[in-house]
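Summary of the model geometry
These are the residues of each chain, in order.
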Amino acid sequence: MLKDSAGRMQVLGSAFMAAALAAVVGTALAFEHIGGYIPCKLCLEQRIPYYIGVPIALVALIAALMKWPGIIARGALLLVGLLMVYSIYLGVFHSGVEWGWWPGPLDCSTSSTSGLTTDASDLLGAIDLQKPPSCDEAAARFLGLSFAGWNVIASVVLAAAALKAAFAKN
């Protein structure tokens, strides 16, 4: 494939990043659409670095495979790493809100399941009345961590991988 280790590291690193970022955000979407866990405002914000990072990682992969100047693949991987550092911040902030360490955004309302309509003619009107879950209540905890806590762990691993690939030496 590629003879130099930096080029190989950029190809493998960018391919891993694209797949891993897509897997993480895909898992969040599966918990929402299949598992029925409705995301709060902060949950949705934590997905943004992944939505942006996947195409950037694919650009890094194409640049590395096409042997474009190394600065392109390295820069894209660095950008993905910085997005994951931002994702760490978002996850820590959300986890802190869930644990009550600091207040969350004022517009992150409490959940409301009362008043659900059973009248199909008023279904669209009922959508406007639905409130998203509160940011200060974890939807679920697995091994003691909420989804936000698991995002911190995933983001730390992904940030380290992206930055290692971006700064790989020849």
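Note that the structure is predicted; figures quoted are calculated from it, not measured.

With that settled, consider the overall build of the protein. When helices and strands are tallied, the protein shows five helices and two strands. The N-to-C order of helical and strand elements in the protein reads α-α-α-α-β-β-α. Split into buried and exposed, the 170 residues of the protein put 36% on the buried side. Put simply, of all contacts in the protein between residues at least 6 apart along the chain, 76% involve residues at least 24 apart. Of the roughly 9,800 Å² of accessible surface on the protein, a fraction of 70% belongs to carbon and sulfur atoms.

What follows deals with the packing of helix 3 (residues 70–99) against helix 5 (residues 147–166). At their nearest, the axes of helix 3 and helix 5 sit 8 Å apart, and the two run at 160 degrees to each other. In terms of axis orientation, helix 3 runs roughly antiparallel to helix 5. Regarding helix 3 and helix 5, the two cross each other, and that crossing is left-handed.

Helix length check: helix 2 (residues 41–65), at 25 residues, gives a terminal C-alpha distance of 38 Å against a target of 36 Å (1.5 Å per residue), a fit within 8%. G53 marks the point of greatest bend in helix 2, at about 30 degrees, and the proline P55 comes within the next four residues. Positive backbone phi, approximately 55 degrees, marks K67, located one or two places after helix 2.

With that settled, the discussion passes to the layout of surface pockets. If a probe as big as a water molecule is rolled over the atoms, it shows which places are left empty. Volume-wise, the largest pocket comes out at about 640 Å³. Lining of the largest pocket is provided by 29 residues; of these, A28, F31, S146, F147 and A148 occupy positions nearest its centre. Elements supplying a minimum of two residues to the lining of the largest pocket: helix 1 (5–33), helix 2, helix 3 and helix 5. The greatest single-element share of the lining of the largest pocket, amounting to six residues, is contributed by helix 1. Split into classes, the residues belonging to the lining of the largest pocket amount to 18 nonpolar, seven polar and four charged.

Moving on to the packing of aromatic side chains. By convention here, two paired aromatic rings are described through the distance between centres and the angle between planes. Inspection of the entire model under this criterion finds 10 aromatic pairs. On the numbers, 6.4 Å between centres and 15 degrees between planes, the contact of F93 with W102 is stacked. Between W99 and W101, the ring centres sit 6.5 Å apart and the planes meet at 20 degrees, which makes this aromatic pair stacked. Taking the relative accessible area as the measure of exposure, W101 reaches 59% and is therefore exposed. One aromatic cluster is present, formed by Y86, Y89, F93, W99, W101 and W102 through successive ring pairs.

Okay, a nonpolar patch on the surface next. There is a patch of nonpolar side chains on the surface, built from V59, I62, L65, M66, W68, I71 and I72 and spanning about 680 Å² of accessible area. Contributions of two or more residues to the nonpolar patch are made by helix 2 and helix 3. At three residues, helix 2 tops the list of elements feeding residues into the nonpolar patch. Note on placement: W68 falls in the loop between helix 2 and helix 3.

Let's shift gears to helix 5. The first and last C-alpha atoms of helix 5 sit 28 Å apart over 20 residues, in line with the 28 Å expected at 1.5 Å per residue. Three or more residues of helix 5 are buried, namely A148, G149, N151, V152, S155, L158, A159, A162, A165 and A166.

This paragraph deals with the state of the cysteines. One pass over the structure, following the stated rule, counts zero disulfides. No disulfide involves C40; its sulfur sits 3.4 Å from the nearest other cysteine sulfur, which is in C43.

Reading the values: the criteria
Residues numbered from 1 in each chain as written. Predicted model: local features only at pLDDT ≥ 70, side-chain atom pairs only at ≥ 80, totals over all residues. Heavy atoms only, no water. Helix = DSSP H or I, 4+ residues; strand = E, 2+ residues; numbered from the N terminus. Buried < 20%, exposed > 50% of the residue type's maximum accessible area, 1.4 Å probe, protein only. Contact = heavy atoms within 4.5 Å. Areas by Shrake-Rupley, 256 points an atom, 1.4 Å probe, with all protein chains shown as cover. Axes fitted to C-alpha atoms, helices over the stretch in contact; angles between N-to-C directions. Parallel < 35°, antiparallel > 145°, perpendicular 65-115°, else oblique. Left-handed = near helix turned anticlockwise from the far one by under 90°. Expected span 1.5 Å × (residues − 1). Bend = angle between axes of the 7 residues up to and from the residue. 1 Å grid on protein atoms, 1.4 Å probe; cavity = no way out; pocket = protein on both sides within 12 Å on 5 of 7 lines; lining within 4 Å. Points joined across faces, edges and corners; volume = space filled by probe spheres on them. Nonpolar A, V, L, I, M, F, W, Y, C, P; charged D, E, K, R; others polar. Phe/Tyr/Trp six-rings, centres within 6.5 Å; stacked < 30°, edge-to-face > 60°. Patch = residues over 30% accessible without salt bridge, like charges linked within 9 Å, V, L, I, M, F, W, Y side chains within 5 Å. Salt bridge = Lys/Arg side-chain N within 4 Å of Asp/Glu carboxyl O. Disulfide = S-S within 2.5 Å.

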